[in-house]
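Spelled out, the chains give:
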Amino acid sequence: MTLRLPIYDDVVDASTALGVAAYRTPVLTSQTMNARLDAQVFFKCENFQRIGAFKFRGGYNAVSKLSAAQRKAGVVTFSSGNHAQAIALACQLLDVAATIVMPHDAPAAKKAATVGYGARVISYHRQTEDREQIARALVEEQGLTLIPPFDHADVIAGQGTAVKELLEDVGGLDLLFVPLGGGGLLSGSLLSANALSPECAVYGVEPQAGNDGQQSFRTGAVVHITPPHSIADGALTSALGQLTFPIIKQYARDILTVSDGQLIDAMRFFAERMKMVVEPTGCLGAAAAFNELVPVKGKRVGILLSGGNVDLSAYAGFLQSN
Ligand SMILES: *Cc1c(COP(=O)(O)O)cnc(C)c1O
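Computed from a predicted model, the values in this text were never measured in an experiment. All residue numbers here refer to positions counted from 1 along the written sequence of the relevant chain. Whole-chain, interface and lining totals are the exception, using all residues; otherwise, since this is a predicted model, local features are given only for residues with pLDDT of at least 70 and side-chain atom pairs are given and counted only at 80 or more. Processing note: side-chain calculations cover all non-hydrogen atoms of the structure and skip hydrogens and water entirely.

**Student:** Before we move on, could you go through the packing of aromatic side chains and cite the residues and values that matter?
**Tutor:** The aromatic pairing rule takes the rings of Phe, Tyr and Trp, using the six-membered ring of Trp, and pairs them if the centres are within 6.5 Å, calling planes under 30 degrees apart stacked, those over 60 edge-to-face and the rest tilted. Applying the stated rule across the entire model yields 7 aromatic pairs. Ring geometry for Phe56 against Tyr60: centres 5.4 Å apart, planes inclined by 45°, an arrangement best described as tilted. Of this pair, Phe56 and Tyr60 both sit in helix α3 (residues 55-64), 4 residues apart, roughly one helical turn. Residue Tyr60 is classed as buried on the basis of its relative accessible area, which comes to 10%. Centre to centre, the rings of Phe270 and Phe290 are 5.7 Å apart; their planes meet at 45°, and the pair counts as tilted. Highlighted residues: Phe270 in helix α13 (residues 260-274) and Phe290 in helix α14 (residues 284-290), separated in sequence by 20 residues. Cluster of aromatic residues (ring-pair linked, three or more members): Phe43, Phe269, Phe270 and Phe290. Helix numbering and strand numbering both begin at the N terminus, where a helix is a DSSP run of H or I of at least 4 residues and a strand a DSSP run of E of at least 2. Relative accessible area decides the class of each residue, using a 1.4 Å probe on protein chains only: under 20% of the type maximum gives buried, over 50% gives exposed, and in between gives partly exposed.

Written out as structure tokens, the structure is:
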């Protein structure tokens, strides 16, 4: 199988495909944070994107690229998180049948949101069943097209549109911090940053407990780990992808890690000072910048806030804890 890596032209193409279906999310600033870091910080707020996370961009782009025959047969994916909602809403908007394979114990609110967008949900038991196998069986038996959460050229290109917008809106940056799970968001962001602000040093940021990306980047080969424990539930992937890793290896400056405590501090900052809900995973990039894991003083710093979907009682717990 030959792999075609996406390029920046695909991101431009994805922007056109998204049109007005995705929001052009705001770029916010905080004088408090600028003063604290002695830097100019720009927050790209994908917590305000449709479905509450950037994943709508990649999901919509991928569904929009399907052939008429593929659209007619429908789409399947496996996810309990933001990618499920992204595919469900994209399919609803583009009039394609969506099937989402979800763990039977997925939060009721997430399942309800997915069903609310008109998707069919197939439940499986995490302990005894393999979600990828279930999805692949649907591909073979019912002719559905599988759209995975990150390792897919059209998904990566769609995710890259967020940083394209950020750089168009604020101009060149010195530093950019991006949350890292499987690397769809980071690799798309790298394509845009390399094209529009080539001097910008781009960092992927993952949970300390699951630093497979950092290990992979530093050893030059994809490292697999057992799924880590962290409150950053959108970044609990066990390995980078076949498409995302080469792009990250080529263009990223480094991969950084932050602790759950640092994520909570960032979440609290956004709630208290900027009046917004950012989910733990969404705070990964911010936590790296706020803790100055690389020097930010005097720099123009972009921070991608990737999402805002968090169970409210869990969120209240995070804000109270220290
Ligand atoms: C999926 C997700 C990520 C990680 O994205 P990848 O493309 O897997 O690296 C980060 N933040 C949020 C909110 C997500 O939903």
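**Student:** Residue-level account of the site of the ligand, with values.
**Tutor:** Residues in close proximity to the ligand total 16 residues, the closest being Lys55, Asn82, Gly181, Gly183 and Ser306. In this structure, an oxygen atom belonging to the ligand sits 2.8 Å away from a side-chain N or O atom of Asn82. Here an oxygen atom of the ligand sits 2.9 Å away from a polar atom, N or O, in the main chain of Gly184. Relative to its free-state accessible area of 380 Å², the ligand is covered by the protein chains to the extent of 97%. Within the shell around the ligand, the residues separate by chemical class into 5 nonpolar, 9 polar and 2 charged. Throughout this document, a residue counts as near a molecule or strand when at least one of its heavy atoms sits within 4 Å of that molecule or strand. Any N or O atom pair separated by 3.5 Å or less is treated as a polar contact, with the protein-specific requirement of one donor-capable and one acceptor-capable atom, and with residues adjacent in sequence counted only for side-chain atom pairs. All accessibility values rest on the Shrake-Rupley procedure with a 1.4 Å probe; residue burial counts only the protein chains present in the view. For this classification, the nonpolar set comprises Ala, Val, Leu, Ile, Met, Phe, Trp, Tyr, Cys and Pro, the charged set comprises Asp, Glu, Lys and Arg, and every other residue, Gly included, is treated as polar.

**Student:** Tell me about the nonpolar core, residues and numbers included.
**Tutor:** Counting residues in each nonpolar core, the largest one holds 40 residues, and the members touching the most others are Phe43, Phe177, Phe270, Phe290, Ile303 and Leu305. Broken down by element, this core gets its largest block of residues, 7 residues, from α13. Residues count as neighbours in contact if any of their non-hydrogen atoms are within 4.5 Å of one another. Apart from the residues within four sequence positions on either side, Leu305 is in contact with Phe43, Lys44, Cys45, Glu46, Asn47, Phe270, Met276, Val278, Gly282 and Ala286. Judged by nonpolar contacts, the second largest core, of 30 residues, contains Leu176, Val178, Val202 and Leu243. We call a set of buried residues a nonpolar core when its members are Ala, Val, Leu, Ile, Met, Phe, Trp, Tyr or Cys and they connect through side-chain atoms within 4.5 Å of each other.

**Student:** If you had to explain the side chain of Thr237 to someone new, which residues and values would you point to?
**Tutor:** Mapping Thr237 onto the fold places it in the loop between α11 (212-219) and α12 (244-251). With residues up to four places along the chain from it excluded, the contact list for Thr237 reads Phe150, Gly181, Gly182, Asp212, Ile225 and Pro228.

**Student:** Quick one: what's the story with the pairing of strand β5 (residues 120-124), residue by residue and with numbers?
**Tutor:** Put simply, side chains in a regular strand alternate between the two faces of the sheet. We treat two strands as partners when DSSP finds at least two bridges between them. Here strand β4 (residues 98-103) pairs with β5 via 5 bridges, running parallel. What sits directly across from Met102, in β5, is Ser123. In this region the chain leaves β4, passes through helix α6 (residues 108-116) and returns to the parallel neighbour β5; the handedness of that crossover is right-handed. We call a crossover right-handed when, viewed with both strands directed away from the observer, the connection leading from the first strand over the helix to the second proceeds clockwise.

**Student:** How would you explain the sheet that holds strand β3 (residues 75-78) if you had to name every residue and give the values?
**Tutor:** Reading across the sheet, the 4 strands line up as β5-β4-β3-β6 and stay open at both edges, with parallel pairing between neighbours. Each edge of the sheet is formed by a strand with only one pairing partner; in this case those strands are β5 and β6 (145-146). As judged from the 4 bridges shared by β3 and β4, these two strands associate in the parallel manner. From the neighbouring strand, Thr77 faces β4, where its bridge partner is Ile100.

**Student:** Explain the environment of Leu37 to me, using residue names and the numbers behind them.
**Tutor:** Tracing the chain through its elements places Leu37 in helix α2 (residues 31-37). Classification of Leu37 as buried rests on a relative accessible area of 5%. In sequence terms Leu37 and Leu319 are 282 residues apart; their C-alpha atoms lie 22 Å from each other. Apart from the residues lying within four places of it in its own chain, the contact partners of Leu37 are Ala289, Phe290, Glu292, Val296 and Lys297.

**Student:** So what's going on with the pairing of strand β9 (residues 254-258)? Residues and values would help.
**Tutor:** With 5 of 5 residues buried, β9 lies mostly within the body of the structure. Of the two faces of β9, the one carrying Asp254, Leu256 and Val258 and the one carrying Ile255 and Thr257 are both buried. In terms of strand pairing, strand β8 (residues 201-207) meets β9 through 5 bridges, oriented parallel. Within the sheet, the bridge partner assigned to Gly204 lies in β9 and is Ile255.

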